[in-house]
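Tertiary structure, described
Listed below, chain by chain, are the residues.
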Amino acid sequence: MKRFALVLMVISITFLNVFAQQSTITKNKGYVIVLHGGAGDISAQNTPPEKQAALKSALTEALTAGKKVLSNGGTSLDAVVAAIKVLEDSPLFNAGKGAVLTAEGKAEMDAAIMDGKTLKAGAVAGITIVKNPITAARAVMDHSEHVMLAGKGAEQFAREQKLEIVDPAYFITPERWKSFQKMKEQDSLKRVKEKFGTVGAVALDLDGNLAAATSTGGMMMKKFGRIGDSPIIGAGTYANNDACAVSCTGHGEFFIRYVVAYDIAAQMLYKDWSVDKASDFVINHKLKDVGGEGGAICLDRKGNIATPFNTPGMYRAWLKFDGKNEEINVAFFK
Ligand code: ASP
């Protein structure tokens, strides 16, 4: 009887050990969320203190929304959606309310999301009536057999998914309308000193899973149903647990041709480079050398953050909790 009790004890100790080991392997101690609010001709000189304060408060609110999800054991996917929704609702950024306008004076938005664990992804392009385009991208990933839906079809799908629908006028702020009127007189995309203003988020959750999301109104005065890099998986948005999560902002045509988000991940996978080295190489060398302006936020599974940009500034913010301490950072300029 004594022997039986001993065997039982050994078995249960072994079981407990295995269980404990597994939970430290599969469970991270901390979580991270990183955001961008666009790159471009952003400097202390052209960003008045009140604007800086407003941007800081919006980015902090978005970090807090993401943290709420992550600290409760929620997924990185839910965290990036929560953060992006805050930025889409803010008129300060080129996403959701405050999106830039097409040559016809309309807001046509793109968004994408990707799950680093499963490589599932969802994207929408050229939509005009969904209050939070990122929720439409998420619905495409979760509830359709496709990755990307565009225009009227995407909007019909969003209605069927019971997403919040608004009048297209909701997105047009007085500030965007004013700059649209001014640019109409100039007529060329090239003459516009760009502040890209797209929003993006990457996150790492307590289970060690990465996710990336991007939402944008695209580029001011875009024509003919132009679609940028943001909703294109691998160009403006990418996540893979084996490498990193990436959200880009900048001149989309370059980010598409140079497949920037995937290229950063590929440099890590094939060359065994760090997220810092890989993203610096792609943004500050490959892209910069050909005149591709912009930046990216990148995050690996160990919680390493890289935020390279080759423009004067990029609105960026991150929150990192390592299990003990929380670090918050908001920065705009070089
Ligand atoms: N990359 C976006 C686009 O080309 C613009 C931006 O980053 O603001 O559509």
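Below is a summary of the structure that appears in this document. Bear in mind that the values here come from a model prediction, so they are computed numbers and not experimental data. (Residues numbered from 1 in each chain as written. Predicted model: local features only at pLDDT ≥ 70, side-chain atom pairs only at ≥ 80, totals over all residues. Heavy atoms only, no water.)

1. Description of the overall build of the protein
A tally of helices and strands in the protein yields nine helices and 12 strands. Relative to its full complement of 334 residues, the protein shows a buried share of 53%. Sequence-distant contacts in the protein: of pairs separated by 6 or more residues, those separated by 24 or more amount to 69%. Total accessible area computed for the protein in this model is approximately 15,700 Å², and 56% of it derives from carbon and sulfur atoms. (Helix = DSSP H or I, 4+ residues; strand = E, 2+ residues; numbered from the N terminus. Buried < 20%, exposed > 50% of the residue type's maximum accessible area, 1.4 Å probe, protein only. Contact = heavy atoms within 4.5 Å. Areas by Shrake-Rupley, 256 points an atom, 1.4 Å probe, with all protein chains shown as cover.)

2. Let's talk about the sheet that holds strand β8 (residues 244-250)
The sheet built from four strands is open, its strands ordered β7-β8-β9-β10 with antiparallel pairing. Of all the strands in the sheet, just β7 (237-239) and β10 (305-306) have a single pairing partner and so form its edges. Contacts from helix α8 (residues 260-271) reach β7, β8 and β9 (294-300), with the element oriented near 145° to β8. (Pairing = 2+ DSSP bridges. Axes fitted to C-alpha atoms, helices over the stretch in contact; angles between N-to-C directions.)

3. Details of the site of the ligand
Around the ligand sit 13 residues in total, of which F196, T198, D229, T249 and G250 are the nearest. Within the side chain of T198, an N or O atom sits 2.4 Å from an oxygen atom of the ligand. Here an oxygen atom of the ligand sits 3.0 Å away from a polar atom, N or O, in the main chain of G252. Notes on the ligand: free accessible area 270 Å², of which the protein chains cover 100%. Split by residue class, the shell around the ligand holds two nonpolar, nine polar and two charged. (Near = heavy atom within 4 Å. Polar contact = N/O pair within 3.5 Å; in protein donor to acceptor, adjacent residues only side chain to side chain. Nonpolar A, V, L, I, M, F, W, Y, C, P; charged D, E, K, R; others polar.)

4. Some details on the sheet that holds strand β12 (residues 326-333)
Taken together, the eight strands give an open sheet; going across it, the order is β4-β3-β2-β6-β5-β1-β11-β12, and neighbouring strands pair in mixed fashion. What marks the edges here is a single partner per strand, and that holds for β4 (148-150) and β12. Across this sheet, the average inter-strand angle for adjacent strands is 5°, counted without regard to direction. Pairing of strand β5 (residues 199-204) with strand β6 (residues 210-216) involves six bridges; the strand directions are antiparallel. Among the inter-strand pairings, A201 is bridged to a residue of β6, identified as A213. Each of β1 (31-40), β2 (109-115), β5 and β6 touches helix α3 (residues 76-89); the most contacted strand, β5, lies at about 155° to it. Sheet strands touched by helix α4 (residues 133-143): β2, β3 (121-127), β4 and β6. Its angle to β3, the strand with the most contacts, is close to 135°.

5. Some words on the pairing of strand β11 (residues 313-321)
The buried count for β11 comes to seven of nine residues, which makes it a mostly enclosed element. With seven bridges connecting them, β11 and β12 associate as antiparallel partners. Bridging across to β12, L319 finds its partner in I328. Hairpin connection between β11 and β12: a loop of four residues separates the two successive antiparallel strands, and G323 in this loop has a positive phi of roughly 110°.

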